[in-house]
Amino acid sequence: MTQDKFKGLEEGRIFPPSEEFRNKALISDVGIYKKADDRLAFWEERAGTLSWFQKWNSVLEWKPPFAKWFNGGKINASYNCLDRHLEGSRRNKPAIIFEGEHGDSFELSYEELHQEVCKFANVLKSMGVQKGEVVTIYMPMIPEAVVAMLACARIGAPHSVVFGGFSAEALRDRINDGGSKVLVTSDAAYRRGKILPIKENVCAALQGVEGIEKVIIVNRTNTKIEIIKGRDFWYHKLMEQASTECPAEKMDAEDMLFILYTSGTTGKPKGVVHTTGGYLTGVATTHEFVFDLKEDDIYWCTADIGWITGHSYLVYGPLTNGSTIVIFEGTPDYPEKDRFWQIVEKYKVTILYTAPTAIRTFMKWGAEYPAKRDLSSLRLLGSVGEPINPEAWTWYHKYIGGERCPIVDTWWQTETGMIMISPLPGVTDLKPGSCTRPFPGVKVEMLDRSGQPVEKGDVGFVAISEPWPAMLRTVYGDDRRFIDTYWSNWPNKYFAGDGAKLDKDGYYWIIGRVDDVINVSGHRIGTAEVESVLVEHHAVAEAACIGKNHEVKGQAIAAFVTLREGFKASEELIAELKSYVSKKIGAIARPDDLYLTDDLPKTRSGKIIRRILKDIAEGRSIGDTTTLADSSTLESLKKLSHN
Ligand code: WTA
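Residues numbered from 1 in each chain as written. Predicted model: local features only at pLDDT ≥ 70, side-chain atom pairs only at ≥ 80, totals over all residues. Heavy atoms only, no water.

Chemist: An account of the site of the ligand is requested, with residue identities and associated values reported.
Modeler: The full set close to the ligand counts 17 residues, and Asp 409, Thr 410, Thr 414, Arg 513 and Arg 524 are the nearest of them. Glu 386 places a polar main-chain atom, nitrogen or oxygen, 3.3 Å from a nitrogen atom of the ligand. Between Arg 524 and the ligand, the recorded distance is 2.7 Å, taken from a side-chain N or O atom to an oxygen atom. For the ligand, the protein covers 96% of the area, taking 520 Å² as the surface of the free molecule. Where the shell around the ligand is concerned, the elements lending two or more residues are α11 (308-320), β20 (407-410) and β25 (508-513). Across the shell around the ligand, the residue classes break down as six nonpolar, six polar and five charged. (Near = heavy atom within 4 Å. Polar contact = N/O pair within 3.5 Å; in protein donor to acceptor, adjacent residues only side chain to side chain. Areas by Shrake-Rupley, 256 points an atom, 1.4 Å probe, with all protein chains shown as cover. Helix = DSSP H or I, 4+ residues; strand = E, 2+ residues; numbered from the N terminus. Nonpolar A, V, L, I, M, F, W, Y, C, P; charged D, E, K, R; others polar.)

Chemist: Residues and numbers for the side chain of Thr 597, please.
Modeler: On the secondary structure map, Thr 597 appears in the loop between β30 (593-596) and α19 (610-617). Looking at Thr 597, the relative accessible area reads 7%, which means it is buried. Engagement of the side chain of Thr 597 in a polar contact is seen with the backbone oxygen of Asp 599, the distance being 2.8 Å. Excluding residues that lie within four positions of it along the chain, Thr 597 makes contacts with Phe 560, Val 561, Thr 562, Leu 563, Ser 636, Leu 637 and Leu 640. (Buried < 20%, exposed > 50% of the residue type's maximum accessible area, 1.4 Å probe, protein only. Contact = heavy atoms within 4.5 Å.)

Chemist: Break down the sheet that holds strand β24 (residues 494-502) for me, with residues and values.
Modeler: Overall, antiparallel pairing links the four strands, which are arranged β21-β22-β24-β25 in an open sheet. One side of each edge strand has no neighbouring strand; the edge strands of this open sheet are β21 (444-447) and β25. Taken over all neighbouring pairs, the strand axes of this sheet differ in orientation by 45° on average, direction set aside. Across five bridges, strand β22 (residues 459-464) lies against β24 in antiparallel orientation. Considered in β24, the bridge of Val 459 is made with Lys 501. (Pairing = 2+ DSSP bridges. Axes fitted to C-alpha atoms, helices over the stretch in contact; angles between N-to-C directions.)

Chemist: With reference to specific residues and values, describe the domain arrangement of the protein.
Modeler: Partitioning the protein into structural domains gives domain 1 (4-494) and domain 2 (517-642). A straight line from the C-alpha centre of domain 1 to that of domain 2 covers 32 Å. Contact with domain 1, which involves 25 residues of that partner, is made by 22 residues of domain 2. Summing both sides of the interface, domain 1 and domain 2 together bury roughly 1,700 Å²; the carbon and sulfur share of this comes to 47%. Connecting domain 1 to domain 2 are two salt bridges. Notably, a salt bridge pairs Glu 415 with Arg 524, separated by 2.9 Å at the nearest N-O pair. At the boundary of domain 1 and domain 2, one finds 13 residue pairs in polar contact (both at pLDDT 80 or more). Contributions of two or more residues to the side of domain 1 that touches domain 2 are made by α7 (168-178) and α13 (356-365). (Domains from an automatic or database assignment. Buried area = accessible area lost by both parts, 1.4 Å probe. Salt bridge = Lys/Arg side-chain N within 4 Å of Asp/Glu carboxyl O.)

Chemist: Quick rundown of the pairing of strand β8 (residues 182-186)? Include the residues and the values.
Modeler: Among the five residues of β8, five are classified as buried, and the element is accordingly described as predominantly covered. Burial along β8 is two-sided: the face carrying Val 182, Val 184 and Ser 186 and the face carrying Leu 183 and Thr 185 are both buried. Where strand β6 (residues 135-138) and β8 come together, four bridges link them in parallel fashion. Directly across from Ile 137, in β8, lies its bridge partner Val 184. Both β8 and strand β11 (residues 214-218) contribute to a ladder of five bridges, which runs parallel. Directly across from Thr 185, in β11, lies its bridge partner Ile 217.

Chemist: Got a sec to walk through the nonpolar core? Specific residues and values, please.
Modeler: Grouped together as the largest cluster of nonpolar side chains are 122 residues, with contacts concentrated most on Leu 113, Phe 120, Leu 124, Leu 150, Phe 291, Tyr 316 and Leu 319. Tallying contributions element by element places helix α6 (residues 143-155) first for this core, with 10 residues. For Leu 319, the residues in contact, after removing those within four places along its chain, are Asn 80, Cys 81, His 85, Ala 95, Tyr 110, Leu 113, Val 146, Leu 150 and Ile 325. Leu 171, Ala 205, Val 533 and Ala 539 belong to the second largest nonpolar core, which has 42 residues in total. (Core = buried A, V, L, I, M, F, W, Y, C linked by side-chain atoms within 4.5 Å.)

Chemist: Before we move on, can you summarise the packing of aromatic side chains with the specific residues and values?
Modeler: For the structure shown, the criterion picks out 40 aromatic pairs. Relative to Trp 43, the ring of Phe 42 lies with its centre 4.9 Å away and its plane at 75°, an arrangement referred to as edge-to-face. Looking at Phe 42, the relative accessible area reads 5%, which means it is buried. Aromatic side chains Phe 340 and Trp 341 sit 6.0 Å apart centroid to centroid with 75° between the ring planes, which places their arrangement in the edge-to-face category. Here Phe 340 and Trp 341 have matching classes, each one buried. Among the aromatic side chains, those forming a connected cluster through ring pairs are Trp 62, Phe 66, Trp 468, Phe 482, Tyr 486, Trp 487 and Tyr 494. The ring of Phe 166 is capped by Arg 174, whose NZ or CZ atom sits 4.4 Å from the centre of that ring. (Phe/Tyr/Trp six-rings, centres within 6.5 Å; stacked < 30°, edge-to-face > 60°. Lys NZ or Arg CZ within 6 Å of the ring centre and 35° of its normal.)

Chemist: So what's going on with helix α18 (residues 571-584)? Which residues, and what values?
Modeler: Its 14 residues give α18 an end-to-end C-alpha distance of 20 Å, which sits within 8% of 20 Å, the value for a rise of 1.5 Å per residue. Those residues of α18 that sit buried are Leu 573, Ile 574, Leu 577, Lys 578, Tyr 580, Val 581, Ser 582 and Lys 584. Those residues of α18 that are buried lie in contact with α7, α17 (527-534), β28 (540-550), β29 (554-563) and β30. A positive backbone phi angle near 145° is found at Gly 586, which sits one or two residues after α18. (Expected span 1.5 Å × (residues − 1).)

Listed below in C-alpha cells is the structure:
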C-alpha cells in the first residue's frame, strides 16, 4: 500500500451539510453515534421497525465467527417488502417505475407488485420448488427479476442471482455449486439497440448439468428460442393460471435469504450466504439513514440486480422501506449520452446512487449532457463500488448535484451485506474522496498486520471488530473457506481485504484491495479466476494477471502469458486469448492488455512478482528486481516495457 496517493488530500475543501438540508434531514443530531454505542440495543430497536410474525429470543448469539441475529424470530422478507405496505396509503404508491431501453415505461404499485409476486410464488411451487431449495435467477434488468427474487423469498427458497453478463460457463459453475433444480431466465436482453442472447447461454450452460429440471423464461424481446418440452416454460403462460393468493412463509430469522457469488483469491467464486432477519434490519436501516429517506422520494440505484448493490439497495432495503424505485434496463449512452439525465428529468428522481466508474465516464463525455436536462429534482447523490477520486467527486457534486446535493460515498462489500462506512448526510462534514466514518452501530477498526490499531494519519487494513446484523453467515457449503478467508488474520475480527488510510479526524480513505482481487469498474474479479481460464487454453503454459490503474474503470486487467512449445506469439493469438477469457467468464473479465512473454518474473521460491508486472503494465521503468530468481528474465520483460 502506498500513502502517496493520499498526500495532501485531507487538506482539500470540506463540505458540511447545508442549513437547508440539515433542517429537513431525518438525522441531524450527531448524538446518534453515541446512542448506537450500545450496539445491541440500537439494532434491536431497528429490528423492531420491521414486521415479525414472532419476536426473537436473543438479539445476538456470537460463537465467533458464527453469528445468529434475532434468533427465534419469525419473519419473511417478501412480506416486509410488500404486504405490510398494503394497509395504508402505500397500497397505490408506485413500488417500481420501469424504464425500458427503448423508452417504454410502466409502473407497478405496491398492490400490483404484491399480486405478481404471489402469482410467481405459486408458479414456483407448481414447479416443485420447496422451502430451502436454491433457485437460480439469470436475467436482465427487468421487473420480472425483482418479482422472481421476492417470490423466492416468499416461499422460503433462497435465490442465487447470476449477473446476466456472465458467460454460460460461469453460470454453470454457480448452478452446480448452489444445486438448483429451477432456473428463471429470459429469452434475450436488449443492449444498445441490439439483442443479446440469454436463453442461448442458458442452453449452453445446461449441457452437462444434471440438476436443472425446469427453466422458466420471460419473453422480453420476442426472440425465437429453442423450447425443450417438459423442461422449458414461458413465464407469461404460467402466470396466466396462477392464483394471487400466497401467504408468506414464516421463516426463521436465520434462514438463508440468498446466496450471491463473488470473486476471491482462488479460481472458484465464493457463494456468500445471507440470512433473513439481520440482513433486512441492516439494509433497511442503512437505506433509510444514509439516503435520508422521505416518503415521496423517487429513488434510483443504477446497479444491476446481479450484484450485491442490486440486492441490498435496489430491492430489499428500498422496498422494505416502502420507497418508489426506478429500474432501468439500458445503458447510459443509448440512444444518447444523456440517457441517465433524461431519466432523472422524466421521473423527477430525487436520490441517485451510482458508481465512480460511471461518473468518470460522464466526466469524459462532458458536462454538456447533464446540462441539457432538468436535474433540479435531485437532492442526494450516492457512490459505491470503488474509491471515488476527489476530481470525480467534485464533478458529480457540481454538474449533477448542482452544488446543492450531499454525496454519500458508501463503503461496503458483498460480504457485509449493508453499508458499513458512509456519511450521514444531515450530520457529516464531507471530504471528497473519503467515505468518512463507520455507520452507527458498526465497529470498524484500522489494524496493522499484527492486529494493532494504527495511529490516526497512518495506513492499515480495514477490520470489523464486532458482528453486524447483515454480515455474511458463511461461504455456501464451505465453512472452512469462510474461516480462512475472513477470520484468520486476527482473532475474532473480520478481515475485509481492503487497505485504507485513517486521517487525523478519524475519516477513512479506502485505498483498495490488498488481496489478489481486481476491481474493474466496481466489479470484483479474482486474478486467479482469469489466470485459471487462460491456462485452460491449449496454447498457454503459464499466466499471471494484475490490475493496472485505469482512468475510467479504476482498474483494468493486464495479463502476462507464456506459451507452450510450438506456439508462436502473434496479434491474432493475443486477440484470441482475450476473447477466450470473455467467453469463459464474461465480458467484464476481458483483459485490456495481454502480453506474450518468454518468462514470468519469479522469486526463488517460484512466486510471481506481480509488482514488476504492474510496472510494465503501467508503463513505468521496472523497479526493484533483487528478489528475481533469474536475472535473464529481465531481458525478455524489458522488451515488453514501454520505457
Ligand atoms: C470496494 C460492492 C472504496 C472495496 C458494494 C470493497 C469501495 C469491494 C467502496 C467490494 C467505496 C466498495 N470506496 N472502495 N465506497 N465500495 N468498494 O463485494 O474494495 O462488489 O472491498 O461490493 O469494493 O465489492 P463488492
